[in-house]
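Structure assessment
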Amino acid sequence: MRILVVEDETPMAQLLRRCLAENGFAVDVAATGEEGLWYAGEIDYDVIVLDVMLPGTDGYGVLRSVRAAGRWAPVLLLTARDAVEDRVRGLDLGADDYLVKPFALAELLSRLRALMRRGARERPAVLAVGDLTLDPAARRVARGGTPISLTAKEFALLECLMRRPGEVLSKAELIERVWDFTFDADSNVVEVYVGYLRQKIDRPFGRQCLRTCRGAGYWLADDGKDRVDHVG
């Protein structure tokens, strides 16, 4: 899923980018409040990780502007201040959760997964399309109870498709959601990873779930029973 990190401390920003990317997230990083506002206004993020102490417009100001603009992605505040009034202020401005520095990366990941499940629409803890299941928290995928091993990017691509089953997602949208803001849209990376996924989630089980809608994109069917006229 797509995450925006607004953090001005370079070592912390690099650590968060690396950790999130290794766990299959597409990550954009902004170093100032103004830059964060630009990203949040241009892209629909699944979660925004927002440091409170930023140069220029601080995290509270960013949060206030994001909510005023009608952007309702869950926001996790990072703060070095543990005072009750600081936490209350952030929550009252529209934050969904907060984490006090220093924090464990495992806790950050857990909180992000919880926020994604509480997003704008209902998101089950375990995704299922037919007998294909994906557990975002445990990072597990299985077909009919048989475990399937995926790389971080394969997992992220499958999760994106499983969150919108039966819906055709364009190559550009998949690149935006699974890779990052600056990734080359002309790359064949989506085709390559779709091929990898088919070799793991479909062919060993005699299925045709992961479909190509010619000229439009890719979609995930329930056990390969629907819309067979578009199979590519």
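First, a word on what this report is: a plain description of the structure on this page. (Residues numbered from 1 in each chain as written. Predicted model: local features only at pLDDT ≥ 70, side-chain atom pairs only at ≥ 80, totals over all residues. Heavy atoms only, no water.)

**What about the pattern of salt bridges?**
What counts here: Note on definitions: salt bridges are taken to be side-chain nitrogens of Lys or Arg within 4 Å of carboxyl oxygens of Asp or Glu. Helix and strand assignments come from DSSP, with helices taken as H or I runs of at least 4 residues and strands as E runs of at least 2, each series counted from the N terminus.
Across all of its chains, the model carries 17 salt bridges by this definition. Asp-96 is the salt-bridge partner of Arg-67, the closest N and O atoms lying 3.0 Å from each other. With a gap of 29 residues between them, Arg-67 in helix H3 (residues 59-68) and Asp-96 in the loop between helix H4 (84-93) and strand E5 (97-100) connect regions that are remote in the sequence. Sharing partners across several salt bridges, the network here consists of Asp-131, Arg-143, Asp-202 and Arg-207.

**With respect to H4**
Using the following cut-off: When a residue's accessible area, from a 1.4 Å probe over protein chains only, is under 20% of the maximum for its type it is buried; when over 50% it is exposed; and in between it is partly exposed. What the arc measures is the spread of directions leading from the helix axis to the C-beta atoms. Throughout, a residue-residue contact means that at least one pair of heavy atoms, one from each residue, lies within 4.5 Å.
Looking only at H4, the buried set comprises Asp-86, Arg-87 and Gly-90. For H4, the arc enclosing every buried residue in end-on projection is 95 degrees, short of the 170-degree limit, so these residues lie on one face. The outward face of H4, more than 90 degrees from its buried face, is lined by the exposed residues Val-84, Glu-85 and Asp-92. Next to the buried residues of H4 lie H3, strand E4 (75-79) and E5. Downstream of H4 by one or two residues, Gly-94 has phi in the positive range, about 120 degrees.

**Topic: the packing of helix H2 (residues 33-42) against H3**
The cut-off we apply is this: Where helices are involved, their axes are fitted lines through C-alpha atoms of the stretch in contact, as for all axes, and angles between N-to-C directions lie from 0 to 180°. Oblique is the label for any angle not covered by the other classes, which are roughly parallel (under 35 degrees), roughly antiparallel (over 145) and roughly perpendicular (65 to 115). In a left-handed crossing the near helix is turned counterclockwise from the far helix by less than a right angle, and in a right-handed crossing that turn is clockwise. Basically, the charged four are Asp, Glu, Lys and Arg, the nonpolar ten are Ala, Val, Leu, Ile, Met, Phe, Trp, Tyr, Cys and Pro, and anything else, Gly included, counts as polar.
For the pair H2 and H3, interaxial distance at closest approach is 10 Å and the crossing angle is 20 degrees. Relative to H3, the element H2 lies roughly parallel. Considering only the axes of H2 and H3, their crossing is right-handed. Residues Gly-33, Leu-37 and Ala-40 of H2 pack against Val-62, Ser-65 and Val-66 of H3. The class makeup of the residues in the contact of H2 with H3 is four nonpolar, two polar and no charged.

**Concerning the pairing of strand E1 (residues 2-6)**
Consecutive residues of a regular strand have side chains that alternate between opposite faces of the sheet. Rules: In this analysis, strands are considered paired if DSSP registers two or more bridges between them.
For E1, the tally of buried residues reaches five of five residues, placing the bulk of the element in the interior. On E1, burial covers both faces: Arg-2, Leu-4 and Val-6 on one face and Ile-3 and Val-5 on the other are all buried. Examined bridge by bridge, E1 and strand E2 (residues 26-30) share five bridges and lie parallel to one another. Note on E2: the bridge partner recorded for Arg-2 is Ala-26.

**A word on the pairing of E4**
Quick note on the threshold: Handedness of a crossover is defined as follows: orient the strands so they point away from the viewer, and if the path from the first strand over the helix to the second runs clockwise, the crossover is right-handed.
Most of E4 sits out of view: five of its five residues are buried. Because side chains alternate across E4, one face comprises the buried residues Val-75, Leu-77 and Thr-79, and the other comprises Leu-76 and Leu-78, equally buried. Pairing geometry for strand E3 (residues 47-51) and E4, over four bridges, is parallel. For Val-49, the partnering residue across the bridge sits in E4 and is Leu-76. Where E4 meets E5, four bridges bridge the pair, whose relative direction is parallel. Across the sheet, residue Leu-76 finds its bridge partner in E5, namely Asp-97. What joins E4 to E5 is H4, and the crossover it makes is right-handed.

Read these as spatial facts, not as claims about activity.
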